[in-house]
Amino acid sequence: MKDTFKHQGMRQQLVETLINKGIKNTDVLKAIGKIPRHLFMDSGFIDHAYQDKAFPIGADQTISQPYTVAFQSELMQIKSGDKVLEIGTGSGYQTAVLLELGAKVYSIERQQELFKKTSKFLPKIGYRAKKLIFGDGYKGLPDEAPFNSIIVTAGAPFVPNPLLSQLAIGGRLVIPVGDEVQIMTLFIRKGPKEFEKHEFGEFRFVPLLEDKN
Ligand code: SAH
């Protein structure tokens with residue numbers, strides 16, 4: 001569990017890359033400059049940890065590309081103390097970014113193997129989510145709603161209604177929508193039944209899976 005000067009230097013390069021690709025939020029850039037992404041990946045991939053690429057994390061899943069993490073985090077406009085729901089904990093890297101931004105984080109993962117691994121790993125390196133949940137993200141987390149923002153880190157074939165209804169007024173849902181390719185979509189809740197929708201170009205995610213039962 002080492003974080004060396006070499007890793008820190010590589011991280012600064014990655015931050016420069018993200019700035020060149022258009023990421024502007026300084027808190028998001030600071031978080032990515034701070035979090036040891038190599039520790040979130042299988043050892044075989046450590047040399048690639050600071051390239052702006054997605055990588056396998058087991059159970060057929062991937063750790064999202066840093067640019068995608070930064071882009072989604074920027075759209076969420078997190079303020080310290082915000083209550084945030086993440087769908088798709090995966091490696092926990094995005095969770096760590098949300099925690100660095102000062103959010104109170106609830107995160108749901110449906111793969112038991114990843115849920116167990118990440119639940120152990122995050123506190124080990126000092127990242128404490130409010131709750132990590134093994135369950136189905138399509139349902140959101142009604143007991144803890146409303147949320148200031150909700151992020152979906154897998155490609156959703158459609159926008160799950162529970163996620164919209166669990167937003168606070170003024171809250172933001174950031175969700176990639178589509179099958180093969182996804183359109184990054186932001187919903188802002190303007191009133192009990194009023195939502196504003198913005199679209200931000202194409203991304204590629206592993207699918208948000210529906211439960212068979
Ligand atoms: N945020 C993660 C991205 C992981 S990829 C990271 O930075 O590493 C997307 C994750 O969503 C996978 O771990 C996958 O198992 C999970 N997932 C897919 N469908 C889901 C669902 N219905 N509910 C919760 N998690 C889901």
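Residues numbered from 1 in each chain as written. Predicted model: local features only at pLDDT ≥ 70, side-chain atom pairs only at ≥ 80, totals over all residues. Heavy atoms only, no water.

Visitor: Looking at this structure, how should I read the UniProt feature "active site" (unreviewed entry) in the protein chain?
Guide: Mapped onto this numbering, the UniProt entry gives "active site" (unreviewed entry) at Ser-64. Position of Ser-64 among the secondary structure elements: in the loop between strand E2 (61-63) and helix H3 (66-76). (UniProt positions renumbered as here; feature names shortened; annotations may be inferred. Helix = DSSP H or I, 4+ residues; strand = E, 2+ residues; numbered from the N terminus.)

Visitor: Help me understand the packing of aromatic side chains, please; the structure alone is not making it clear to me.
Guide: A ring pair, where both rings are aromatic, is described by two values, the distance of the centres and the angle of the planes. Tallied over the full model, the rule gives nine aromatic pairs. An angle of 35° between the planes, with centres 5.6 Å apart, marks the rings of Phe-115 and Phe-134 as tilted. Of the two residues, Phe-115 is situated in helix H5 (residues 112-124) and Phe-134 in strand E5 (residues 131-134); the sequence distance between them amounts to 19 residues. Assessed through its relative accessible area of 21%, Phe-115 is described here as partly exposed. Ring pairs connect the aromatic residues Tyr-67, Phe-71, Phe-200 and Phe-203, which therefore count as one cluster. Cation over ring: Arg-37 sits above Tyr-93, and NZ or CZ is 5.6 Å from the ring centre. The lysine or arginine in question, Lys-83, covers the ring of Phe-147, its NZ or CZ lying 5.9 Å from the ring centre. (Phe/Tyr/Trp six-rings, centres within 6.5 Å; stacked < 30°, edge-to-face > 60°. Buried < 20%, exposed > 50% of the residue type's maximum accessible area, 1.4 Å probe, protein only. Lys NZ or Arg CZ within 6 Å of the ring centre and 35° of its normal.)

Visitor: Would you mind showing me how to read the packing of helix H2 (residues 26-34) against helix H4 (residues 93-100) here?
Guide: When two helices pack together, their arrangement is given by the angle between the helix axes and by the axis-to-axis distance. The N-to-C vectors of H2 and H4 enclose an angle of 125°; their axes lie 9 Å apart at closest approach. For the element pair H2 / H4, the angle class is oblique. The two elements H2 and H4 meet at a crossing, and its hand is right-handed. Facing H2, whose interface residues are Ala-31, Ile-32 and Lys-34, H4 presents Tyr-93, Val-97 and Glu-100. In terms of residue class, the contact of H2 with H4 is built from four nonpolar, no polar and two charged. (Axes fitted to C-alpha atoms, helices over the stretch in contact; angles between N-to-C directions. Parallel < 35°, antiparallel > 145°, perpendicular 65-115°, else oblique. Left-handed = near helix turned anticlockwise from the far one by under 90°. Contact = heavy atoms within 4.5 Å. Nonpolar A, V, L, I, M, F, W, Y, C, P; charged D, E, K, R; others polar.)

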